[in-house]
Amino acid sequence: MASRVNIVRVEHLDNPAMFNDKFKLEITFEVFEHLPHDLEWELVYVGSGTSREYDQVLDSALVGPIPEGRHKFVFDADHPNIAKIPTDDIVGVSVLLLRCKYNEQEFINMGWFVANEYTDEELKENPPAQPQVDKVGGNGLYELERSGNQERDLNSLAK
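Being a predicted model, the structure only gives us computed values, none of them experimental.

1. Regarding the overall build of the protein
When helices and strands are tallied, the protein shows 1 helix and 9 strands. N-terminal to C-terminal, the α/β element order of the protein is β-β-β-β-β-β-β-β-α-β. Within the protein, the fraction of its 159 residues that count as buried is 40%. A separation of at least 24 residues holds for 67% of the contacts in the protein among residues at least 6 apart in sequence. About 8600 Å² of surface is accessible on the protein, with carbon and sulfur atoms providing 45% of the total.

2. So, the confidence of the model for the protein
Summing up the model confidence of the protein, the mean pLDDT is 88 and the portion of residues at 70 or higher is 86%. Considering only residues more than four positions removed or in separate chains, one finds that residues 147–154, a stretch of pLDDT under 50, has 24 contacts.

3. With respect to the packing of aromatic side chains
Geometrically, a pair of aromatic rings is defined through the distance of the ring centres and the angle of the planes. What the rule picks out here adds up to 6 aromatic pairs. Between the aromatic rings of Phe23 and Tyr45, the centroid separation amounts to 6.4 Å while the plane-to-plane angle is 35°, which identifies the pairing as tilted. With Phe23 in strand E3 (residues 23–31) and Tyr45 in strand E4 (residues 39–46), this residue pair connects regions lying 22 residues apart in the sequence. When its relative accessible area of 14% is taken as the criterion, Phe23 is described as buried. Accessibility expressed as a relative area gives 1% for Tyr45, which makes it buried. Members of the aromatic cluster, each reached through a chain of ring pairs, are Phe29, Trp41, Phe73 and Phe75.

4. Some points on the pattern of salt bridges
One pass over the structure, following the stated rule, counts 10 salt bridges. The closest approach of N and O atoms between Arg70 and Glu30, which form a salt bridge, is 3.0 Å. With Arg70 in strand E6 (residues 69–77) and Glu30 in strand E3, this pair connects stretches of sequence that are 40 residues apart. Arg70 gets classed as exposed once you look at its relative accessible area, which sits at 54%. Among the charged side chains, a network of salt bridges with common partners joins Lys22, Asp76 and Asp78.

5. A look at the sheet that holds strand E1 (residues 5–13)
With antiparallel pairing, the 3 strands of this open sheet are ordered in space as E1-E3-E6. Each of the sheet's edge strands pairs with one partner strand only, and the pair in question is E1 and E6. In this sheet, neighbouring strand axes are inclined to one another by 20° on average, regardless of whether the strands run parallel or antiparallel. Two elements, E1 and E3, share 8 bridges in a ladder whose sense is antiparallel.

Calculation criteria
- Residues numbered from 1 in each chain as written.
- Predicted model: local features only at pLDDT ≥ 70, side-chain atom pairs only at ≥ 80, totals over all residues.
- Heavy atoms only, no water.
- Helix = DSSP H or I, 4+ residues; strand = E, 2+ residues; numbered from the N terminus.
- Buried < 20%, exposed > 50% of the residue type's maximum accessible area, 1.4 Å probe, protein only.
- Contact = heavy atoms within 4.5 Å.
- Areas by Shrake-Rupley, 256 points an atom, 1.4 Å probe, with all protein chains shown as cover.
- pLDDT = per-residue confidence, 0-100.
- Phe/Tyr/Trp six-rings, centres within 6.5 Å; stacked < 30°, edge-to-face > 60°.
- Salt bridge = Lys/Arg side-chain N within 4 Å of Asp/Glu carboxyl O.
- Pairing = 2+ DSSP bridges.
- Axes fitted to C-alpha atoms, helices over the stretch in contact; angles between N-to-C directions.

And the structure:
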């Protein structure tokens, strides 16, 4: 049996944005049969490619129970805590992950590259030793491939 939930579209509102701006995603999804339990959505910022210890859950939201049909909501989350990101990883490419769980088991994991760079040409040419976050912008979000567990059968997750 195919998945009972399908992501139709994720639109990044206010993209590109400055580093200190909120992430705003408009998520459209379909449910093919009533889900009696909540879907737990989670937005994660990958603070460094070297270790998961720098990953930050920016926010989570419970949606449910959910009737059959097409649904849409805006998920907004605060920017990452700069103090939890290694200095060398603030400017450069990072990843934003959207995860969804049903009955505490992840079945959707999709992500986007985030290109964080200075908006000022002088700072691009001569970056300071200590990043000036107020001058760093996310130069667009570029979609990664969806995780293979997108099609996981939710019947196997039912309690």
